Amino acid sequence: MSRGRPEAERAKTLTILGSTGSVGCSTLDVVAHQPDRFEVVALVGNRNIDLLAEQAIGCGAQIAVTADESLYGALKGRLAGSGVEAAAGLQAVMDASRRPADLIVAAIVGAAGLKPTLAAAEQGTTIALANKECLVCAGDVFKDVLRKNGAQLLPVDSEHSAVFQVFEQPQSEQVERIILTASGGPFRTASYDDLKNVTPEQALKHPNWDMGPKITIDSATLMNKGLELIEAYHLFPVEPSQLEAVIHPQSIIHSMVSYCDGSVLAQLGVPDMRTPIAYALAWPSRMPTPVERLDLAKIGQLTFEPVDSDKFPSVDLCLGCLETGGSASAVMNASNEVAVDEFLSGRIGFLGITELTRAVLDDADASGMLGTMTSLDDVSEADQFGRGKAIELARRLHT
Ligand SMILES: NC(=O)c1ccc[n+]([C@@H]2O[C@H](COP(=O)([O-])OP(=O)(O)OC[C@H]3O[C@@H](n4cnc5c(N)ncnc54)[C@H](OP(=O)(O)O)[C@@H]3O)[C@@H](O)[C@H]2O)c1
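This structure is a prediction, so every number in the text was calculated from the model and none was measured.

Colleague: Teacher, can you tell me more about the side chain of Thr66 here?
Modeller: With respect to the helices, strands and loops of the structure, Thr66 is situated in strand β3 (residues 63–66). Within polar-contact distance, the side chain of Thr66 engages the backbone oxygen of Asn46 at 2.6 Å. Looking at Thr66, its side chain comes within polar contact range of the main-chain nitrogen of Asp68, at 3.0 Å. The contacts of Thr66, once residues within four sequence positions are left out, are Gly45, Asn46, Ile49, Leu52, Leu71, Leu75, Ala87, Ala88 and Gly89.

Following this line, the structure appears as structure tokens:
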């Protein structure tokens, strides 16, 4: 029996949004190990044009695009003579997303990833989704676009990839719970008082995963787990009451699904994003990766503990947004993005991240801003409200 892929299988055409980031680089590494399987159409980045040009030349992309219009000349200069086209600005990002491709990896960070990802969805392109903020801020509106255009959504987040691999779709009625695991971040064992003095440098040191700064801070506040619970709600046919999170410091079990007969199915692996990325790239098949293999005897112990909601209130905050529905998650996501920036710039403390986000949600609720969301305009309005209010409240905090 042949152990390779069928000879007739043609290379998949692939675009990467956010190629210069952590997920983008891991994706290109997976592709570099299986070069015959993929043909890169477009790479999209923002400010790191040295890396963007190097990546585009290295993988033979058709086009490299920076979202920053002012960097066009510099990018073009770096690509001179390579045969790779250069483009810049939001319109160019949208055009790149619309280029015909079998698969697009959506790995821009934050709500900035929404419009380019939607542009790909409108073409019916299969989306390997790393950018959880897309589903958090636009949930049903985003899924509506996917449905209308027949675009398949494949999760890249390791937890959702795990659930996707063990969620028996035909038996969805028999699913009792989705259990997302969380490492607990760098402050799992810290006291509440310790958290008052946390610096950005300390918060940027994740114990298990090497990721971009925004998701690393979200992991330290456990906001990341809250965002992932909202993401899971949108990806799988479950109610909010069927979602839970458990702390699992080793990050070996990436998540679990429990069924009505008492069975719990889990997906395991070393904490390396190249596995869930490869799963999405090869789906519905699998492909080899150079990822270290799991050695359970060497690891010895897998441990679990409940989420400490007093120390990390962001998980409950996100579940509250799911219960409220409408624009609550979009407002919360936007204010969290601002709060993370404020913390990284040293303008607010670590505990201030969740406090600011909660204050914005309370304000939105009191001023009747948490309405229904049925269009992209509604999403933009909620996002702008959350962002504007968070900036206003943060300024008051540091004056
Ligand atoms: N890292 C992980 O292991 C991981 C795991 C699961 C899910 N995710 C999710 O995946 C997404 C990306 O995370 P990451 O850790 O890879 O982030 P990251 O390392 O910070 O990379 C972000 C990428 O987005 C680009 N970018 C930023 N703003 C942009 C804009 N306005 N337009 C176009 N591109 C823009 C950046 O370009 P420049 O660098 O060139 O400026 C970079 O390529 C996030 O939503 C995160 O929650 C990440």
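Colleague: I would appreciate a short explanation of a nonpolar patch on the surface in the present structure.
Modeller: Among the surface-exposed residues, Leu268, Leu294, Leu296 and Ile299 lie close enough to one another that they form a single nonpolar patch of about 280 Å² accessible area. If you trace the backbone, Leu294 turns up in the loop between α12 (274–282) and α13 (296–299).

Colleague: Is there a simple way to explain the site of the ligand in this structure?
Modeller: Surveying the vicinity of the ligand reveals 25 residues, the closest of which are Thr20, Ser22, Glu133, Asp157 and Gly212. Note that an oxygen atom of the ligand is positioned 2.9 Å from one of the backbone N or O atoms of Asn48. For the shell around the ligand, the elements supplying multiple residues, two or more each, are α1 (22–33), α6 (132–149) and α10 (213–221). Here the residues of the shell around the ligand sort into 11 nonpolar, 10 polar and 4 charged.

Colleague: Just to check I follow, could you spell out the packing of aromatic side chains for this structure?
Modeller: A ring pair, where both rings are aromatic, is described by two values, the distance of the centres and the angle of the planes. Scanning the entire structure with this criterion turns up 5 aromatic pairs. One aromatic cluster in this structure is built from Phe164, Tyr279 and Trp283.

Colleague: I tried to follow the pairing of strand β6 (residues 126–129) on my own but got confused; where do I start?
Modeller: Within a regular strand, the side chains alternate between the two sheet faces. The alternating pattern of β6 places Thr126 and Ala128 and Ile127 and Leu129 on opposite faces, both of which are buried. Strand direction decides the pairing type here: strand β5 (residues 103–106) and β6, joined by 4 bridges, are parallel. Bridge assignment links Leu103 to a residue of β6, and that residue is Thr126. Of the pairings in the sheet, the one linking β6 to strand β7 (residues 153–155) comprises 3 bridges and is parallel in character. Counterpart to Ile127 in the pairing with β7 is Leu153.

Colleague: Please explain the domain arrangement of the chain as it appears in this structure.
Modeller: Domain assignment breaks the chain into domain 1 (12–155) and domain 2 (180–270 + 307–397). The distance between the C-alpha centroids of domain 1 and domain 2 comes to 25 Å. Each side of the interface is counted separately: domain 1 has 19 residues, and domain 2 has 24 residues. Interface of domain 1 and domain 2: buried area, both sides summed, is about 1,700 Å²; carbon and sulfur atoms make up 68% of it. Where domain 1 touches domain 2, the interface holds 2 salt bridges.

Colleague: Is there a simple way to think about the pairing of strand β2 (residues 38–45) in this case?
Modeller: By the criterion of burial, β2 is predominantly enclosed, with 7 of the 8 residues buried. Viewed along the sheet, the connection from β2 through helix α2 (residues 49–59) into β3 turns out right-handed.

Colleague: Before we go on, may I ask you to explain the state of the cysteines in this structure?
Modeller: The final tally for this structure, using the stated rule, is 0 disulfides. Cys137 forms no disulfide, and the closest cysteine sulfur to it belongs to Cys134, at a distance of 6.4 Å.

Colleague: How should the sheet that holds strand β10 (residues 253–259) be read in this particular structure?
Modeller: Two strands in a sheet stick together by hydrogen bonds in their backbones, pointing the same way (parallel) or opposite ways (antiparallel). Across the sheet, which stays open at both edges, the 4 strands sit in the order β9-β8-β10-β11 with mixed pairing between neighbours. Unpaired on one side and paired on the other, β9 (243–247) and β11 (264–268) mark the two borders of the sheet. With direction set aside, neighbouring strand axes in the sheet form an average angle of 20 degrees. Where strand β8 (residues 175–182) lies against β10, 5 bridges are found, and the strand directions are antiparallel. From the neighbouring strand, Arg177 faces β10, where its bridge partner is Ser258.

Parameters at a glance
- Residues numbered from 1 in each chain as written.
- Predicted model: local features only at pLDDT ≥ 70, side-chain atom pairs only at ≥ 80, totals over all residues.
- Heavy atoms only, no water.
- Helix = DSSP H or I, 4+ residues; strand = E, 2+ residues; numbered from the N terminus.
- Polar contact = N/O pair within 3.5 Å; in protein donor to acceptor, adjacent residues only side chain to side chain.
- Contact = heavy atoms within 4.5 Å.
- Patch = residues over 30% accessible without salt bridge, like charges linked within 9 Å, V, L, I, M, F, W, Y side chains within 5 Å.
- Areas by Shrake-Rupley, 256 points an atom, 1.4 Å probe, with all protein chains shown as cover.
- Salt bridge = Lys/Arg side-chain N within 4 Å of Asp/Glu carboxyl O.
- Near = heavy atom within 4 Å.
- Nonpolar A, V, L, I, M, F, W, Y, C, P; charged D, E, K, R; others polar.
- Phe/Tyr/Trp six-rings, centres within 6.5 Å; stacked < 30°, edge-to-face > 60°.
- Buried < 20%, exposed > 50% of the residue type's maximum accessible area, 1.4 Å probe, protein only.
- Pairing = 2+ DSSP bridges.
- Domains from an automatic or database assignment.
- Buried area = accessible area lost by both parts, 1.4 Å probe.
- Right-handed = clockwise from strand over helix to strand, strands pointing away.
- Disulfide = S-S within 2.5 Å.
- Axes fitted to C-alpha atoms, helices over the stretch in contact; angles between N-to-C directions.

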